[in-house]
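Descriptive analysis of the structure
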Amino acid sequence: MHGGHDERAFARQVLAATGFELLYARVDVARDEQGALRLMELEITEPNLFLRQGGPRAAECLADAIVHKARGMA
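Overview of the structure. (Residues numbered from 1 in each chain as written. Predicted model: local features only at pLDDT ≥ 70, side-chain atom pairs only at ≥ 80, totals over all residues. Heavy atoms only, no water.)

1. Focus on the pattern of salt bridges
Applying the stated criterion across every chain yields a total of seven salt bridges. A salt bridge links Arg31 to Glu7, with the nearest nitrogen and oxygen atoms 3.9 Å apart. Highlighted residues: Arg31 in strand S1 (residues 26-31) and Glu7 in helix H1 (residues 5-18), separated in sequence by 24 residues. Two residues, Arg57 and Glu60, come together in a salt bridge whose shortest N-O distance is 3.4 Å. The exposure class assigned to Arg57 is partly exposed, which follows from its relative accessible area of 44%. For Glu60, a relative accessible area of 43% corresponds to the partly exposed category. (Salt bridge = Lys/Arg side-chain N within 4 Å of Asp/Glu carboxyl O. Helix = DSSP H or I, 4+ residues; strand = E, 2+ residues; numbered from the N terminus. Buried < 20%, exposed > 50% of the residue type's maximum accessible area, 1.4 Å probe, protein only.)

Next up, the structure:
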């Protein structure tokens, strides 16, 4: 997760408002002319998961999350 503390908190609020427990989401934000954060885009499906940009354990973390979620559904 990138951005400052206020941007991360805003993104968490956006994700909570979906009502879903998402394994992946990208929240794009920008500041308006008064400096308030505004949602530009919420992407919850992505053909390119940006695993290379996510660091050395990104694929492993995603796989672990999928397995954890699948076990909870059994």
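2. A closer look at H1
Taking 1.5 Å per residue as the helical rise, H1 with its 14 residues ought to reach 20 Å, and the 21 Å between its terminal C-alpha atoms agrees with that figure. Within H1, burial applies to Phe10, Ala11 and Val14. Along H1, the residues classed as buried sweep out an arc of 100 degrees about the axis, all on the same side. Among the exposed residues of H1, those pointing more than 90 degrees away from its buried face are His5, Gln13 and Ala16. Following H1 by one or two positions, Gly19 has its phi on the positive side, about 80 degrees. (Expected span 1.5 Å × (residues − 1). Arc of directions from axis to C-beta.)

3. Remarks on the pairing of strand S2 (residues 37-43)
Relative to S2, S1 runs antiparallel, the two being bridged by six bridges. By the bridge assignment for S2, Val29 is matched with Leu39. Counted between consecutive antiparallel strands, the loop separating S1 from S2 contains five residues, among which Gly35 sits at a positive phi close to 90 degrees. (Pairing = 2+ DSSP bridges.)

4. Topic: a nonpolar patch on the surface
Taken together, the side chains of Phe20, Leu22, Leu39, Leu42 and Ile44 present a nonpolar region at the surface, about 450 Å² in accessible area. One can find Leu39 in strand S2. (Patch = residues over 30% accessible without salt bridge, like charges linked within 9 Å, V, L, I, M, F, W, Y side chains within 5 Å. Areas by Shrake-Rupley, 256 points an atom, 1.4 Å probe, with all protein chains shown as cover.)

5. Observations concerning the nonpolar core
Membership of the largest hydrophobic core is limited to five residues, which are Phe10, Ala11, Val14, Val27 and Leu37. For this core, the element with the highest residue contribution is H1, accounting for three residues. Ignoring sequence-local partners within four residues, the contact set of Val27 consists of Ala11, Val14, Leu15, Leu39, Glu41 and Leu42. (Core = buried A, V, L, I, M, F, W, Y, C linked by side-chain atoms within 4.5 Å. Contact = heavy atoms within 4.5 Å.)

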